Amino acid sequence: MPIISADLVHAGGMPSAGELQSKLLAGATLLAETADHLIEVVDVLKSYGEVLDAYSTNLIFQAEQQFLLPFPLFKYLDGERSPAKIWRHLNHDRINFEYAEYCMKAMLWHGTGGLDAYLDSEAFAAGCAAIIRRKTRRDPLLALLHPLFPGFLIELIRTAATTHALGQFWRVMSDLFLDLARAETSRHVTSIEAVVEFIKDGLVAAAANPISYGVEVAGEHLWVLPPEAGLTFLGDVAVPYVEAVFLRGLPFLGTVSFNAQAQQISPDQAQFAYGALYADPLPTMGAGIPPSLLMQDMYRHLPERLHAWYLERTRGDGDVRVKICMSFQKAMFCVTNAAIQGTFPGPLSSKDPAEQAANRAYAAAWAARLAVARTDCLA
Amino acid sequence: MLSLLLLIPFGGALLLALWPGNPAQGRMRTITLVVLGLQLAWSLVVLARFDPGNSAMQLQESLGWVGSLGLDYRLGIDGLSLPLVLINGALTLVSAICTRDIDKRPRFYFALLMVISGAVNGAFLAENLLLFFLFYELELIPLWALISIWGGTNRAYAATKFLIFTAVSGMLILGAFLGLALFTGNADFSLAPITSEQLSMGSQLLLLGALLIGFGIKIPLFPFHNWLPDAHTQASTPVSVLLAGVLLKLGTYGLLRFCLGLFPEAWVQLAPALAIWAAISVLFGSLAAIAQKDMKRMVAYSSVGHMGYILLASAAATPVAMLGAVFQMVSHGLISALLFLLVGIVYRKTGTRDLAVLHGLLNPERGLPFTGSLMILGVMASAGMPGMAGFISEFLVFRGSISAFPLATLLSMVGSGLTAVYFLLLVNRAFFGRLAVTAITDPVVHGRLDVNLAAVAPRETIPAMALAIGVVVIGLLPAGLGRLSETAATAMVQLPALTAALHGVALPSGGLG
């Protein structure tokens, strides 16, 4: 069998869904408590934080400064068009901003949560109409395009809104992960349990942050996601992001084959399991969302301690991206762990049978999804 | 001058045997590399002094030895033997370079390598039938020892099988040489085709038949191939490189030099049957290769198929076909050595050559991507992709043979297509897909596919890279080798009886110009 089909490389089953549910209900960490895991998780999140900082800056720049540009040739340059920066870009001495866009598109396509609901609302359509009206007055190409394809510019505005929202989300996450690294350096965080707690606290603290987005069109400020829409960090962006990027993801063709006719790809989008928690750390040389782009970016920002740790293992720098991906998945399990802990229907210590049942059902639903993820890295 | 090509390796072997004390393995390897490097350098000096326009034997040396037996020490070189001497020099050096960590008796191992190299040079250079036979037999025991001492778990069986087959081959060849002397009454054992013309056709066919079977075993051709896959499977990588790259060429060299060269009239009679035999050998080798699950056996069976092209070309005996035969000997030497080297690397890193177990070795991070890339180049060359050595040789063989034996040539061309089939199977199974070294029978393997293979150090791929460069250079610039061998190839088919009987009229000269 030359090409290994998708169902063969799905990890999972170790540990079982039951074990995962018990750990979640007991408030225990999914990732085993070891010194190596602490180094991997904290340092990989530090490099991820630095990469997210760049992604976030660029996504916000794109949404604000490249808004409805028909040919956004310089969208990855963050407004700096010096010959040196262009050369570095062409020479690929840069961050792979494409990965951030893939994540945005995954969010847009899976479309869950409050943000997506707002993008389909009448209030959003009215806002779009105002923006398009003003924009087409000065832009003949858009003026021509809009009557021909009435849905096109609206879809571009939806894309820009998701881009900006993801940029805002990653701004918070970047700061959180860099704070975590500082906390670990200052010995305030010394265990995986403390890491999960730290992330949970950060998510809870930012949960109600408002998400809004406005653009300048011909000198006038117009809202795309107005504050009145009441969109917030956790429920409307973070949860859809986790759903789209951690869990569902997008299947991509590579050396792993997917046969849609054989129902290897579920017709139900909600059943997709191609996200970061399910990704095969080995590069599969396919199109779509290659996690290797993110790994490459994290490699550029790898802390010295973790780099030295990698150099002592397997092929040293030769397979460093695979090892980064494995560490990244451990870190993402910690983030997921924190998110689940922070969103239980009731306190885990509750004696109320109704709350206990709700918590059990919530944990069981998560455990069922995680049981087929790359949980082999948790031991 | 030519004697140095014998003295250097034999002297090296003696030096190693007499080296005082118990030198470290590294030092013995260095001595061997220096000696074999000298041998290759001297082969290049011979190349520089060689006159490609002269079809006769050149740089001849002779010394009366046991004249009463007809055994004279007489050496010479022409456009047929020179490329093979060069290949021998290069591949013996490659096999010494890729020899690492000999666990037992390294002194004996390296000495045997040099003895084999010297004996092969002797066989290619000998201008006396008995001298050729001596050298032909001289490489037999060292090779048997190399397989039976440093081979795989079933090495005793494979080595004994090799010994029996090759001993029979040697007996038949000696019998034919003695028979020629007996029937003609001329016991000087020199390379003179004219002597066979005194014989009746029956006697010629008898002697030629013995030689054909003798060399057919060595080449090997179907149905005498049985020893080869076992020998390759059990031999270590350097020995497989030597076996495929150099030693099989003794058989094809014998076919051209002695079968065609000594018995041109009988050869004409047998040529149609030989062409069919060639086609059968090509098809059998290719079909058997398709059925293999062991990478090394697959490459071994591909040799059976590809050696058939040389029989086809020599049966057609046109100048272009003969040039194709020389090209095929050189290109098969390089390509099969390259493939065996790469299979050796895969085996060393994964512990298996099983195509049902290996997957995705091209993986850029954890697999063997450079080895895989060279493997793809090697199999493309073997399948006759333009731009590489295999294409030139196969094209010349087919172009030169199709007018004489259209059916056999067309069947052999099918075999060439089948080469692409089995080698793409090999590449597809072992190198494409998700990296794993696991037999995938379980419907859900739960991430157990992950494997940590040691990386291939750049120095491990240097010999393979050198061979790959050779394959591409010959493919892109074939004129050099063509010029070297064209005159000899043309001269070989201009034996009057042969040309007249085969074609009725003089053939236009062909080649690469």
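What you see is a predicted model; the values in this text were computed from it and never measured.

Reading the values: the criteria
Residues numbered from 1 in each chain as written. Chains lettered and ligands numbered in written order. Predicted model: local features only at pLDDT ≥ 70, side-chain atom pairs only at ≥ 80, totals over all residues. Helix = DSSP H or I, 4+ residues; strand = E, 2+ residues; numbered from the N terminus. Buried ≥ 20, exposed ≤ 12 C-beta atoms within 10 Å, placed from the backbone. Contact = placed C-beta atoms within 7 Å. Rg over C-alpha atoms; globule rule 2.2 N^0.38 Å. Pairing = 2+ DSSP bridges. Axes fitted to C-alpha atoms, helices over the stretch in contact; angles between N-to-C directions. Left-handed = near helix turned anticlockwise from the far one by under 90°. Nonpolar A, V, L, I, M, F, W, Y, C, P; charged D, E, K, R; others polar. Expected span 1.5 Å × (residues − 1). pLDDT = per-residue confidence, 0-100. Core = buried A, V, L, I, M, F, W, Y, C linked by C-beta atoms within 7 Å.

Details of the overall build of chain B
So, point 1. Across its full length, chain B holds 19 helices and 4 strands.
So, point 2. By principal-axis analysis of the C-alpha atoms, chain B measures approximately 75 × 60 × 40 Å.
So, point 3. The buried share of chain B, taken over its 513 residues, is 58%.
So, point 4. Partitioning the intrachain contacts of chain B with sequence separation of at least 6 by distance along the chain shows that 80% fall at a separation of at least 24.

A word on the overall build of chain A
So, point 1. In terms of regular secondary structure, chain A is built from 15 helices and 4 strands.
So, point 2. For 379 residues, the compact-globule formula gives about 21 Å, and the C-alpha radius of gyration of chain A, at 22 Å, lands near that figure.
So, point 3. Seen through its principal axes, chain A has C-alpha atoms that stretch 60 × 55 × 50 Å.
So, point 4. Taken over 379 residues, chain A has a buried fraction of 44%.
So, point 5. Residue pairs at least 24 apart in sequence account for 79% of intrachain contacts in chain A once pairs closer than 6 positions are excluded.

Here's the deal with the pairing of strand β2 (residues 213-217) of chain A
All names here are of chain A.
So, point 1. Examined bridge by bridge, β2 and strand β3 (residues 220-225) share 5 bridges and lie antiparallel to one another. Among the inter-strand pairings, Glu 216 is bridged to a residue of β3, identified as His 221.
So, point 2. Adjacent in sequence and paired antiparallel, β2 and β3 are bridged by 2 residues, among which Ala 218 carries a positive phi angle near 50°.

Things to note about the packing of helix α5 (residues 97-110) of chain A against helix α9 (residues 152-185) of chain A
Residues and elements named next belong to chain A.
So, point 1. For the pair α5 and α9, interaxial distance at closest approach is 9 Å and the crossing angle is 120°. For α5 against α9, the interelement crossing comes out right-handed. Each of Cys 103, Met 104, Met 107 and Leu 108 in α5 lies in contact with α9, whose residues at this interface are Arg 158, Thr 159, Thr 162, Thr 163 and Leu 166.
So, point 2. In the contact of α5 with α9, the residues fall into 5 nonpolar, 3 polar and 1 charged.

Regarding α5(A)
All names here are of chain A.
So, point 1. For α5, which comprises 14 residues, the first-to-last C-alpha distance of 20 Å matches the rise-based estimate of 20 Å (1.5 Å per residue) to within 8%.
So, point 2. When you tally the buried positions in α5, you get 11 out of 14 residues, the bulk of the element.
So, point 3. Restricting attention to buried positions, one finds in α5 the residues Phe 97, Tyr 99, Ala 100, Glu 101, Tyr 102, Cys 103, Met 104, Ala 106, Met 107, Leu 108 and His 110.
So, point 4. Of the surrounding secondary structure, the elements contacted by the buried residues of α5 are α3 (35-65), α9, α11 (233-248) and α12 (291-300).

Quick notes on unusual backbone geometry
Residue and element names in this part refer to chain B.
So, point 1. The linkage connecting Ile 219 with the following residue, Pro 220, adopts the cis geometry, with an omega of -10°.
So, point 2. Relative to the assigned elements, Pro 220 resides in the loop between α8 (201-218) and α9 (227-234).
So, point 3. That bond from Phe 222 to Pro 223 is cis: its omega, 5°, falls within 30 degrees of zero.
So, point 4. Residue position: Pro 223 is located in the loop between α8 and α9.

Quick notes on the environment of B:Leu140
Residues and elements named next belong to chain B.
So, point 1. In this fold, Leu 140 is placed in helix α6 (residues 140-150).
So, point 2. Sequence separation between Leu 140 and Phe 340 is 200 residues; the distance between their C-alpha atoms is 20 Å.
So, point 3. When residues no more than four places from it in sequence are discounted, the contact partners of Leu 140 are Thr 166 and Gly 170.

Let's talk about helix α3 (residues 81-97) of chain B
So, point 1. Here α3(B) spans 24 Å end to end across 17 residues, near enough to the 24 Å set by a 1.5 Å rise per residue.
So, point 2. Of all 17 residues in α3(B), 17 are buried, a share of seventy percent or more.

A word on the confidence of the model for chain B
Residues and elements named next belong to chain B.
So, point 1. When pLDDT is averaged across chain B, the result is 89; 93% of the residues are at 70 or more.
So, point 2. Predicted confidence is poor over residues 505-513, with pLDDT under 50, and the contacts of this stretch with residues over four places away or in other chains come to 20 contacts.
So, point 3. The ipTM for the predicted assembly is 0.81, set against a pTM of 0.88.

Description of the nonpolar core
For soluble globular proteins, nonpolar side chains are generally found buried alongside one another.
So, point 1. Judged by nonpolar contacts, the single largest core of 290 residues is most densely connected at A:Cys334, B:Cys259, B:Leu312 and B:Leu338.
So, point 2. Top contributing element to this core by residue count: helix α13 (residues 319-350) of chain B, with 20 residues.
So, point 3. When near neighbours in sequence (up to four residues on either side) are disregarded, B:Leu338 contacts B:Gly378, B:Ala464, B:Leu467, B:Ala468 and B:Val471.

Describing the environment of B:Leu342
All names here are of chain B.
So, point 1. The residue Leu 342 is located in helix α13 in this model.
So, point 2. Take Leu 342: there are 28 C-beta atoms within 10 Å of it, and that puts it in the buried class.
So, point 3. Once the C-alpha coordinates of Leu 342 and Ala 468 are considered, the two residues, 126 residues apart in sequence, prove to be 11 Å apart.
So, point 4. Leu 342 has contacts with Thr 371, Leu 374, Met 375, Gly 378 and Ala 464, leaving out every residue within four places of it along the chain.

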